[in-house]
Each structure stands twice: as C-alpha cells, then as structure tokens.
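# Inside the fold
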Amino acid sequence: MSRPPDPTNPLTSLRFDNRFTRLLPGDPLTENSRRQVFNACYSRVTPVRPVAPQLVAYSPETAALIDLDSAACTSPLFTRVFSGDLVLPGMDPHAACYGGHQFGNWAGQLGDGRAINLGETVNRRGEHWTLQLKGAGPTPYSRRADGLAVMRSSLREFLCSEAMHHLGVPTTRALSLILTGEMVERDMFYDGRPEEEPGAVVCRVAPSFLRFGNYELHAARGELEVLRRLADFTIRTLFPHLGEPSPVIYGQWFAEVCRTTAELMVHWLRVGFVHGVMNTDNLSILGLTIDYGPYGWLEDYDPLWTPNTTDAEGRRYCYGRQPTIAHWNLAQLANALHPLIGDPEPLEQGLTDYSRWFEEGWQATMAAKLGLVAFQAETDTTLTQDLLALLPAVETDMTLFYRHLADIPAGNADDRIAPAELAAPLMAAFYRPEQLTPTYLEQLGSWLGRYRQRLRHDGLVDAERKQRMHAVNPKYVLRNYLAQLAIDDIGAGDFSLTSELLDVLRHPYDEQPGRERFAEKRPEWARHRPGCSMLSCSS
C-alpha cells in the first residue's frame, strides 16, 4: 500500500484553478474508449500507473515556474505525480479534443492521443501553468495507438524544450523525464520490424497547449457555439489585454496570433531549427514551439533539409519552407474563425501583416547575425542573399559558420589578404575540405571582402561586434547526435550525460571552457546513423 503524500512537500501545496475544464464543455462520456467526441473541448481521463517509475532528470528553471525547489523535485512524491502514478487533490486530468491539417490534408479529429493534462496550477505570482504528461496512457483520441511514449523520443523532447527556452525561442517547457519501468513496442523505421524499447513520460508545462486545430475541428463540424465559447475563453484567459470578445476583438486576436507566429518563424530560422511536423495541430495559439517530434538542427546548411523521414520525398516541412507553411496554417485558422467574424477583411489583413512582420523580423535578425547595427536594404539585401546562396555550395555547418564569422576582422580598405587567409577563421565550419576549391574560396573571399567593407561602414570595433554576434549566434545547440549519445547512455543506466547536456544547453551563447566537445560539428560516424540525422514520427 502506498504511503500518503508528505504534507511538508511543496507538491501538496500546489493550487489548481482548472479553467479549461471548468469553463468549457466536456465529453459527457466517462469511459476511456477510442471514439469520435462531439460538441466538447476535452474528455476526462486518468493516467496509467507505471510499473516502476524512475526519475532521469528535471529542469530546475521549469520547476521554479510552479514554485518547486530541488528537494521537492528529487522526492519520491515528485516521481509518482509526474509519471502518472498519483493524481494530486485539485488536479482534473483530461485530454483535449482537436483536429488538424496533416501534410496539407484535413485529417478530422486528432486530439491528445498520448498527452494527458493534469490541470492548471497557479504559482505565487498568479501565473497559470498547465501540467501535461506525454506518454501516460491512452485517451479517447489515441485511435489505434497505446498512448505511451518511448525513452528516446521523450529524452529528445525534454532536452529540446529546455534548450529552445535558453536559446530565447518561445516554447513549451519540460519539467521532468521519468522512466516507467516497462517496455513499449515501436516500429521505429516503419519497416514492419517493431522492437521493444524502454517507456518514459515527460511532463510538459505551458500557459496553454491550445493549437490551431482546436478551433479548426469545431468549425469543420459546424459546432459554432462551442467554437465561440472556446474563442471567448482563449481571449479572456490568454489575451485579456485585447478586451471583451466581439467580432472586432476576434480580428485583433487573429492579428496577434499572426504576429507571434511570424516571430517564432524568425527564431527558428535564426538558430537553424527545423520542426519537422508543422501540421496545424502542431502550431500553438500562443506562438510557442510545441510538440517536439522528428525535429533537428541544420548541420550542413541546406534549406531543403527535413529531419522527418515521412517528409523525405515532399519536403513540405523543410527548413526553408517553414515561414510559408506557417502562413498556410494561419490561413486555415482564419477559415475556422471566419464564422465568428463574418467579414473576411480583418483575417486577410492579418495574413498580409504576417508576411510583413516576418520579413521585417528576418531582416533585423540577419543584420544581428552578421553583426550589423541595422539592416540597410540598399546594401544588405544583396549581401545576405549572396551569403545564403554561398552556404549550401559546399557542406557548411550553419551554427559554426555564424559563430566563427564573428572572428573575421573589419580591417581597413588597404588590406590585401588572400582569400584562403581571410577565410581561415571559418575552416572549422566546413565538413569536406576537398570541396574548398580555388573557385569556391575566391567566391567566399569576395563575399568576405564586401562584408568587411559593410562592417567598416558601421564603425563598430571588432570586440563589440563580436559580443553582439555571439548574443544571437549560439555556440551550443542540441545536435541530434548528442541527443542520441544521451539516449544510448540512459539505455545503459547512465543518466550523467543527460544532466551535463541540460547544463550545457542552459548557456548556449557562452564559451563554457572545457565543454568545447559539445560544440563540434557532427562527426562522420553520425552522418547516417539512426537517430543522428533524420528521424521518424515513431515515439
């Protein structure tokens, strides 16, 4: 028989205000069977109790959001609660009902198939945080799946959520990674050869997990009263500064979603992140990065690269198409909200403004990445376009290139430096030295010459420019091969690399002496190894 919770543990003092389930219509059926759920925003469901939960890691920064200290996070109660073994008083576990467009096609009802929201806790600052377990068992939306998750995908989500936050990219957060003590069968390569893998649960944390698909499903079904209630709830709880919901406010709300989504796309491109599955059910209404599946960071710069094996042929969700796909997804959200407004003009304006916000944000970001004081279209448009055409000409590590570009001196107009010498600080970014032909080096040297001339125009001293560039161009990102090494170690019972990676990724822009090995480009052994390049959606 389990011991009762320790009343002195801060976990027992968590205060819950479950607005989502309290204010919105729920599924009247209580059995946990796979089915279509109509006229409801959620279904109540209880997590599956794990066999032998074991804490792998937790994020102190995320714990602080809900007023938990390290003692609470290392307590047995923490492991029980955030593995799904124990539901605390005040929690109201449920799975959300939503639909979505997947790879451009309407998929109908989707919903939280392996995510269970424990409830919304309110911290000492009055902030609402939704706690969600991923991999804690089936829900009415699990379709033919088991609602569980394996350790490899859970580790990747846990680390990446926190890595993105410290990079300054809007994101959902991850509180904990816990092994369940049981095996889960998955066909990792979709080749008809499933294998058993260790199961795990991640606790995700966000102000809300609402995504475009929540609104799309009710609109597609003609459930307009539910759609209105959900939209009004969203504005009152997440966008209260806009005022009381009305057709005008709906339009302003949509415009804000367009703006934050444009900002998110700029951030993704800035750090070289590729989401991999930008379906409308994977885009957050708050402009957060949500649902970390087969994601990846650009290593060799290739705008057409996608980390998703399912998208290998069409490359719909490749790095360079992400801003366009976000615009397409916003258009689907606009279609869903149109019945509430009636007039298409505010929605069309929001979509137009998205393109402007993205372009302005991207220009400002490119200026920052290059160490320029501000983007000057008459010179910098061509300068940046030529660079982005030059980078994929040879296999070039994006992260390392921009990081080492800060080492290029502005010099003076009288400098006569050979192209190879001028490019010397960038050599660590190139994967295949044999590709660095005299022709390429001449092209690179020519661009660097123009770049240095542009730097001299701004007049910043090299040290100040380098500091500015290092503030936006990270040294450390969660390369897939690093995550795979941590996965390998966990499988062997060693959690230390996960903890070290979590610590390294807390300071992605700092030099961190002694940890340079985490900033090296992908090793050759990882080029084609499963888990180190492209990944499937299997989790």
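About the cut-offs
Residues numbered from 1 in each chain as written. Predicted model: local features only at pLDDT ≥ 70, side-chain atom pairs only at ≥ 80, totals over all residues. Heavy atoms only, no water. Helix = DSSP H or I, 4+ residues; strand = E, 2+ residues; numbered from the N terminus. Expected span 1.5 Å × (residues − 1). Buried < 20%, exposed > 50% of the residue type's maximum accessible area, 1.4 Å probe, protein only. Arc of directions from axis to C-beta. Contact = heavy atoms within 4.5 Å. Core = buried A, V, L, I, M, F, W, Y, C linked by side-chain atoms within 4.5 Å. Axes fitted to C-alpha atoms, helices over the stretch in contact; angles between N-to-C directions. Parallel < 35°, antiparallel > 145°, perpendicular 65-115°, else oblique. Nonpolar A, V, L, I, M, F, W, Y, C, P; charged D, E, K, R; others polar. Polar contact = N/O pair within 3.5 Å; in protein donor to acceptor, adjacent residues only side chain to side chain.

In this section: helix α11 (residues 377–390). Compared with an ideal rise of 1.5 Å per residue, which puts 14 residues at 20 Å, α11 spans 19 Å between its outermost C-alpha atoms and is within 8% of the ideal. Of all the residues in α11, the buried ones are Asp 380, Leu 383, Thr 384, Leu 387 and Leu 390. For α11, the angular spread of the buried residues around the axis is 125°, confining them to a single face. Exposed side of α11, more than 90 degrees from the buried face: Glu 378 and Ala 389 are the residues found there. Packed against the buried residues of α11 are α10 (345–369), α12 (398–405) and α14 (438–458).

Below, the discussion takes up the nonpolar core. Note on soluble globular proteins: their nonpolar side chains tend to be buried together. Core analysis: the biggest nonpolar cluster contains 129 residues, and Tyr 215, Trp 253, Trp 297, Leu 370, Leu 405 and Leu 448 have the highest contact counts within it. If you tally residues by element for this core, the top one is helix α8 (residues 247–271), at 13 residues. With near-sequence residues (within four places) excluded, Trp 253 lies in contact with Tyr 215, Ala 231, Thr 234, Ile 235, Phe 239, Leu 242, Ile 285 and Leu 337. Judged by nonpolar contacts, the second largest core, of 35 residues, contains Phe 16, Cys 73, Leu 118 and Leu 175.

Attention shifts here to unusual backbone geometry. In the Ramachandran plot, Asp 67 falls in the positive-phi region, its phi being about 65° despite a non-glycine side chain. Checked against the element boundaries, Asp 67 lands in the loop between α2 (60–65) and α3 (70–73).

Here we come to the packing of helix α16 (residues 480–491) against helix α17 (residues 496–504). Taken N-terminus to C-terminus, the directions of α16 and α17 make an angle of 150°; their axes are 8 Å apart at the nearest point. With respect to each other, α16 and α17 are oriented roughly antiparallel. On α17, the residues that touch Leu 482, Leu 485, Ala 486, Asp 489 and Ile 490 of α16 are Leu 497, Thr 498 and Leu 501. Class assignment of the residues belonging to the contact of α16 with α17 gives a composition of six nonpolar, one polar and one charged.

With that settled, the discussion passes to the environment of Asp 85. Secondary-structure assignment places Asp 85 in the loop between α4 (76–81) and β3 (94–96). For Asp 85, a relative accessible area of 14% translates into the label buried. Residues Asp 85 and Ile 417 lie 332 residues apart in sequence; the distance between their C-alpha atoms is 66 Å. Leave out the neighbours within four places in its chain, and Asp 85 touches Arg 49, Pro 50 and Arg 80. At 2.9 Å, the side chain of Asp 85 forms a polar contact with the side chain of Arg 49.

In short, shape yes, function no, at least from these values alone.
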